[in-house]
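# Observations on the three-dimensional arrangement
If you want the building blocks of each chain, they are given just below.
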Amino acid sequence: MTDKNRTEQKIIAGVIGTPIKHSRSPLMHNHWLRAHGLKGTYAAIEVAPDELEPRLAALAAEGLRGVNVTIPHKEAVFALATERDQAAQKIGAVNTVIFRKSGGFLGINTDAPGFAASLQAAAAPWAGGPAMVLGAGGAARGVVYGLIEAGVREIRIVNRTLERAEALARDMGGLGASLIPLPWDKISEQMIDLALLVNATSLGLAGGRPLDLDVTLLAPGALVTDIVYAPLETDLLRAAKRAGHETVDGLGMLIHQARFAFEAWFGILPEANAGLRAALEKDLQK
Ligand code: ATR
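The text that follows walks through the structure, step by step, so that each part is easy to find. Here the structure is a predicted model, which means the values were calculated and not measured.

The secondary structure content of the protein chain amounts to twelve helices and twelve strands. Taken over C-alpha atoms, the radius of gyration comes to 19 Å for the protein chain, in line with the 19 Å a tight globule of 286 residues would show. Dimensions of the protein chain, computed from the C-alpha atoms along their principal axes, are close to 55 × 35 × 30 Å. Per-residue burial for the protein chain yields a buried fraction of 49% across its 286 residues. Taking the contacts inside the protein chain whose residues are at least 6 apart along the sequence as the reference set, 69% of them involve residues at least 24 apart. As presented, the protein chain carries roughly 13200 Å² of accessible surface, and 52% of it is formed by carbon and sulfur atoms.

See below:
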């Protein structure tokens, strides 16, 4: 099928946000729509905060199955949802909307299970020991919930602003994990017995501030992951590899959260195959 034919097809799902031009979601979802012979296309839809509610209603009226939600709308869409799954409820953010035929919409959060799924391919026994999550923003909330659901029993939440780490620990309490908020200067001493280290801050993003950690303090066998995927190999992951650690990059979370959203709309859990990953890697180099 040519690109022209595809753009003439009906839009059946999409991603809303601003800026949205650089979203990789259309690449993934259109790949899966084609692979499964489903008619329709997935679009990147620019939506400004002041037009969020009417645009959502208009997209529902146009017959879309649903939309993904990205920056800066995840919390606002959470507030507008007429139903929510437990992950969204606990995280306080929605990344996937499923429009209901009877009106209203279900808001779910596939970032959390997407993050946990991205770790499943790792050989290291990451769920069996303490985890440390750096950050306490929206991304960190998804990571912490995903780790609790995956059975991690102790999570140290480290954040520059301690109050946010404390609030996160409070909000995710009662789910069976011990959540320990810590200030940034405790990282080194709390790193030595970790089974898993996750960067869920914006540090390490291309063009931004670096994340400066001494990964040689980690125990051998600790798994190191970064939710930042631009660059794909962050300084943290490079240093961890050099120190002999297994690593998981942020592309896995991106792909797996998309798989679960696709399943919620179309009832098919698509594959995270090597071809798709390669296409994404190529796109990230642009
Ligand atoms: P997101 O929704 O992507 O998580 P966010 O809510 O803005 O975005 O959170 C960004 C995270 O990166 C926060 O944990 C933030 O720490 P604060 O809560 O103290 O702001 C962290 N972060 C950003 N810049 C940082 C820096 N220079 N040093 C340490 N942490 C930083």
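Don't stop here, the text continues.
Tracing the sequence through the fold places A121 in the loop between α6 (111-119) and β7 (131-134). Of the residues examined, A121 reaches a relative accessible area of 76% and is grouped as exposed. When the C-alpha positions of A121 and E62 are compared, they lie 39 Å apart, and in sequence the two are 59 residues distant.

For the ligand, the set of nearby residues contains 13 residues, the closest of which are A136, N159, R160, T161 and R164. Here A139 contributes a backbone N or O atom positioned 3.0 Å from an oxygen atom of the ligand. Measuring from an oxygen atom of the ligand, one finds a backbone N or O atom of S202 at 3.4 Å. Burial of the ligand by the protein amounts to 71% of the accessible area it has alone, namely 640 Å². With respect to the detected pockets, the ligand is housed in the largest pocket.

Looking now at the sheet that holds strand β1 (residues 11-17). Strand order in the open sheet formed by six strands is β2-β1-β3-β5-β6-β4, and the pairing between neighbours is mixed. Strands at the two margins of the open sheet, each flanked by one partner only, are β2 (41-46) and β4 (83-84). Sheet analysis places β4 next to strand β6 (residues 105-108), joined by two bridges and oriented parallel. By the bridge assignment for β6, E83 is matched with L106. Those strands touched by helix α2 (residues 25-35) are β1, β2 and β3 (66-69), and its axis lies near 160° from that of β2.

All right, on to helix α12 (residues 274-284) then. Taken as a whole, α12 has its buried residues at L276, L280, D283 and L284. Down the axis, α12 shows its buried residues gathered within 100° of arc, on one side only. Looking at α12, the residues exposed on the side facing more than 90 degrees away from the buried face are A274 and K282. Contacts made by the buried residues of α12 are with α2 and α11 (251-266).

Our next topic: the pattern of salt bridges. Enumeration over the complete set of coordinates arrives at 13 salt bridges. Between R24 and D283 there is a salt bridge, with its nearest N and O atoms 3.0 Å apart. Remark: D283 occurs in helix α12 and R24 occurs in the loop between β1 and α2; sequence separation between them is 259 residues. Linked through salt bridges whose partners overlap, the residues forming this network are E233, D235, R238 and K241.

Right, let's get into the nonpolar core. Grouped together as the largest cluster of nonpolar side chains are 34 residues, with contacts concentrated most on V133, V144, L147, I155 and L179. Sorting the residues of this core by element identifies α5 (86-91), α6, β7, α7 (138-149), β8 (154-159), α8 (162-171) and β10 (196-199) as the ones contributing at least two each. When residues in this core are grouped by element, the largest group, six residues, is from α7. In this structure, this core is formed jointly by two domains, domain 1 (3-109 + 253-284) and domain 2 (113-249), each of which donates at least three residues. Those residues in contact with I155, other than ones at most four positions away along the chain, are A131, V133, V144, L147, I148, S178, L179 and I180. I108, A261, F266 and L284 belong to the second-largest nonpolar core, a separate cluster that totals 22 residues.

Thresholds applied
Residues numbered from 1 in each chain as written. Predicted model: local features only at pLDDT ≥ 70, side-chain atom pairs only at ≥ 80, totals over all residues. Heavy atoms only, no water. Helix = DSSP H or I, 4+ residues; strand = E, 2+ residues; numbered from the N terminus. Rg over C-alpha atoms; globule rule 2.2 N^0.38 Å. Buried < 20%, exposed > 50% of the residue type's maximum accessible area, 1.4 Å probe, protein only. Contact = heavy atoms within 4.5 Å. Areas by Shrake-Rupley, 256 points an atom, 1.4 Å probe, with all protein chains shown as cover. Near = heavy atom within 4 Å. Polar contact = N/O pair within 3.5 Å; in protein donor to acceptor, adjacent residues only side chain to side chain. 1 Å grid on protein atoms, 1.4 Å probe; cavity = no way out; pocket = protein on both sides within 12 Å on 5 of 7 lines; lining within 4 Å. Sits in = over half its atoms within 2 Å of the grid points. Pairing = 2+ DSSP bridges. Axes fitted to C-alpha atoms, helices over the stretch in contact; angles between N-to-C directions. Arc of directions from axis to C-beta. Salt bridge = Lys/Arg side-chain N within 4 Å of Asp/Glu carboxyl O. Core = buried A, V, L, I, M, F, W, Y, C linked by side-chain atoms within 4.5 Å. Domains from an automatic or database assignment.

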